[in-house]
Amino acid sequence: MNDIVNTNRKAELLSTTVEHIDITKFDARPIVDAMKKMSFTSRDLGRATDIYNQMLADPDCSIFLVIAGSTSAGGCMDLYAELLRNNMIDGVVATGASIVDMDFFEGLGHKHYQALEVPDDDTLRSLLIDRIYDTYIDEEQLQDCDHTILEIANSLEPRPYSSREFIREMGKYLVENGKKDNSLVKLAYEHDVPIFCPAFVDSSAGFGLVKHQVDRAKEGKPYMVLDAIADFRELTDIKVKAGTTGLLMIGGGVPKNFIQDTVVCAEILGHDDVQVHKYAVQITVADVRDGACSSSTLQEAASWGKVNTGIEQMVFAEAGSVMPLLASDAYHRGLWKNRVKRRWGASFD
């Protein structure tokens, strides 16, 4: 009887899926134009949108989407996929959670759910429901994601891989076995857009990869490993080849610092003519007073020789509430239609 009650209660809590916003279905240009004439965060968003459109209009600019936080789970997943599908970004640097626990997870056919109520978290634990603020994930479905990562790892030649290489294998898997067309991981594979996760194992992937190594070690067999140094080298190589670059950053943390550090790394490798990132936009709610990377301003990054101080904008807002406006504005202005595809992922073939 308790099993039936628990099953019914779990189904009740996981009854309303998160619906990801479709930036092609509404035109945000009028509201963004109006916000440019306002003050505070509205005007900041208007300027940030202008800067993103400048990136799209610059024929020499390679654009990196940088994602930290849980906006993918919260409803922006299809938004990011649409940017990639329409050649509005040329590379992605993200947390493992954004790529694995959220995008790849839904690519396998699973869902995120709206928490219409938040009972005691111990109750959620007993029902195998994980919570991200007001969003639920079915832990049993997440474990399927873990095991799929294990399956992919077991299929690979036992050697070092950058996160980009491994995520490409994840994209290939979704092409053959996926349940969702609008997956960032799947589209990245199809369009040769590289995705880097500098802290890849800090995600559902970590469990599958640890099990892969432990199982292989018990069997006395070699196993694959992730090469974090290769991540840095490959991303720096793209920065050197790209020349002019722009950053569209959601949140901060490791992905933000990782992409910015490519300028310094290139200089250390002897590329004295490497350009700082010409354009930069960051959307964050982090407080600038604590000295953390997530909240450090783009002006501060200029002191490290990473970002141009002239064409940058901080937007202090919850990204899920403003990214749909920025992305819809850029989509409907259509500057992406004339962009050349970079296909930086193919440069490593």
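You'll find the structure just up there.
Rules behind the numbers
Residues numbered from 1 in each chain as written. Predicted model: local features only at pLDDT ≥ 70, side-chain atom pairs only at ≥ 80, totals over all residues. Heavy atoms only, no water. Core = buried A, V, L, I, M, F, W, Y, C linked by side-chain atoms within 4.5 Å. Buried < 20%, exposed > 50% of the residue type's maximum accessible area, 1.4 Å probe, protein only. Contact = heavy atoms within 4.5 Å. Pairing = 2+ DSSP bridges. Helix = DSSP H or I, 4+ residues; strand = E, 2+ residues; numbered from the N terminus. Axes fitted to C-alpha atoms, helices over the stretch in contact; angles between N-to-C directions. Salt bridge = Lys/Arg side-chain N within 4 Å of Asp/Glu carboxyl O. Disulfide = S-S within 2.5 Å. Right-handed = clockwise from strand over helix to strand, strands pointing away.

(A) Local environment of the nonpolar core. Counting residues in hydrophobic clusters, the biggest one holds 70 residues, and the most contacted among them are Tyr52, Ile99, Phe104, Phe166, Met170 and Met323. If we skip the residues at most four places from it in the chain, isoleucine 99 touches Ala94, Phe104, Ile167, Met170, Leu184, Val185, Ile195 and Cys197. In this structure, Phe64, Ile238, Ala242 and Trp344 belong to the second largest nonpolar core, which totals 13 residues.

(B) The arrangement of the sheet that holds strand β4 (residues 129-132) in detail. Pairing in this open sheet of three strands is antiparallel, and the strands run β3-β5-β4 from one edge to the other. Each having just a single partner strand, β3 (113-114) and β4 make up the two edges of the open sheet. Sheet topology note: the β3/strand β5 (residues 135-138) ladder contains two bridges and is antiparallel. Paired with glutamine 114 across the two strands is threonine 135, which belongs to β5. Against the sheet, helix α7 (residues 139-155) contacts β3, β4 and β5, and its axis sits at roughly 60° relative to β5.

(C) Summary view of the pattern of salt bridges. Inspection of the entire model under this criterion finds 26 salt bridges. Note that arginine 29 and aspartate 27 form a salt bridge whose closest N and O atoms lie 2.7 Å from each other. The exposure class assigned to arginine 29 is partly exposed, which follows from its relative accessible area of 29%. Taking the shortest distance from any N to any O, the salt bridge between aspartate 90 and arginine 339 comes out at 2.7 Å. You can see aspartate 90 sitting in the loop between α4 (71-85) and β2 (91-94) and its partner arginine 339 sitting in the segment after α14 (319-333), a full 249 residues away along the chain. A relative accessible area of 10% means that arginine 339 is categorised as buried. Residues participating in the shared-partner salt-bridge network are Asp33, Lys36, Asp50, Asp329 and Arg333.

(D) Fine view of the pairing of β5. Residues of β5 alternate between two faces, with Thr135 and Ile137 on one and Tyr136 and Asp138 on the opposite face, all of them buried. As defined by bridge partners, β4 adjoins β5 across four bridges and the pair is classed as antiparallel. Paired with aspartate 130 across the bridge in β5 is isoleucine 137. Hairpin connection of β4 to β5: two residues between the antiparallel strands, including tyrosine 133 at a positive phi of 50°.

(E) Looking closely at the environment of alanine 266. Counting through the fold element by element, alanine 266 comes out in helix α12 (residues 253-268). Residue classification places alanine 266 among the buried positions, given a relative accessible area of 0%. As a C-alpha pair, alanine 266 and phenylalanine 166 span 100 residues in sequence and 24 Å in three-dimensional space. Not counting the four nearest positions on each side in its chain, alanine 266 is found in contact with Thr236, Val240, His271 and Val274.

(F) Quick peek at the state of the cysteines. Inspection of every chain in the model, using the stated rule, returns zero disulfides. Cysteine 145 provides the cysteine sulfur closest to cysteine 197, a residue in no disulfide bond, and the two sulfurs are 12 Å apart.

(G) Expanded view of the pairing of strand β1 (residues 62-67). Among the six residues of β1, six are classified as buried, and the element is accordingly described as predominantly covered. Alternating positions in β1 separate into two faces, Ser62, Phe64 and Val66 on one and Ile63, Leu65 and Ile67 on the other, with burial throughout. Relative to strand β9 (residues 245-250), β1 runs parallel, the two being bridged by six bridges. When the bridges of β9 are listed, serine 62 appears paired with threonine 245. With four bridges connecting them, β1 and β2 associate as parallel partners. Bridging from a neighbouring strand, valine 66 pairs with valine 93 of β2. Each parallel crossover has a hand, and for β1 linked through α4 to β2 it is right-handed.

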